[in-house]
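# Report on the structure
Spelled out from the first residue to the last, the chains are:
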Amino acid sequence: MIRIGIVIGSTRPGRVGESVARWVHDLAVKRGDAEYELVDLADYALPHLDEPLPAATGQYAREHTAAWSERISSFDGFVFVTPEYNSSTSGALKNAIDFLFAEWADKAAAFVSYGVDGGARAAEHLRQVLGRLKVADVPAQVTLSIYADFEDFSVPRPAPQHEERLTAMLDQLLSWATALRPLRV
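Here's what I pulled together on the structure shown here.

Thresholds, definitions, all that
Residues numbered from 1 in each chain as written. Predicted model: local features only at pLDDT ≥ 70, side-chain atom pairs only at ≥ 80, totals over all residues. Heavy atoms only, no water. Helix = DSSP H or I, 4+ residues; strand = E, 2+ residues; numbered from the N terminus. Salt bridge = Lys/Arg side-chain N within 4 Å of Asp/Glu carboxyl O. Buried < 20%, exposed > 50% of the residue type's maximum accessible area, 1.4 Å probe, protein only.

## Some remarks on unusual backbone geometry
The residue Lys 134 is not glycine, and still its phi comes out positive at about 65 degrees. Looking at the secondary structure, you find Lys 134 in the loop between helix H4 (120-132) and strand E5 (135-145). Residue Phe 153 is not a glycine yet carries a positive backbone phi of 60 degrees. Along the polypeptide, Phe 153 turns up in the loop between strand E6 (150-151) and strand E7 (155-156).

As structure tokens, then:
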């Protein structure tokens, strides 16, 4: 069965990313078409990139990198749940991506972003970064406005159309994850 990691792209205290990711997860598991798992960057406590060799070598000296590598390697695709900070993704998510190389290649990605303008610029930045790592991103995405889709700027209350967008996004993600899987076997 296809395995999809739902990556919580923020480690910030008081973050809303975890509740957004749980919303994604709760709707995704009802589909029954893949294994969906939450991947919380906070659980890995990755420092600023501290590996002595480039990730492309696949030679990791740090235990935290080996654990992160093992986790990411286990998935066929990802939903990145990202905030938008200053027209980009979070530093924690970019750092976590940079720790690895081959573990990302030939997999599929989708984006659920949130922020003042729905976080669309964060998702676009991630598309560029992941493209360099041979990750195929799907065009459908979910963008949540911190003003319209959250109660008190902290509790997700996505408008009904976002569930439809999430369904379309997951349909595309599973198609691409399935198509890319033979490239890694």
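## Details of the pattern of salt bridges
Pairing between side chains becomes possible if they bear opposite charge and their charged atoms approach one another. Tallying each qualifying case throughout the model produces 18 salt bridges. The shortest N-O distance in the salt bridge between Glu 124 and Arg 127 comes to 3.1 Å. With a gap of three residues between them, Glu 124 and Arg 127 both fall in helix H4, about one helical turn apart. Overall, Glu 124 belongs to the partly exposed group, its relative accessible area being 42%.

Function cannot be read off these values alone, since they describe shape.
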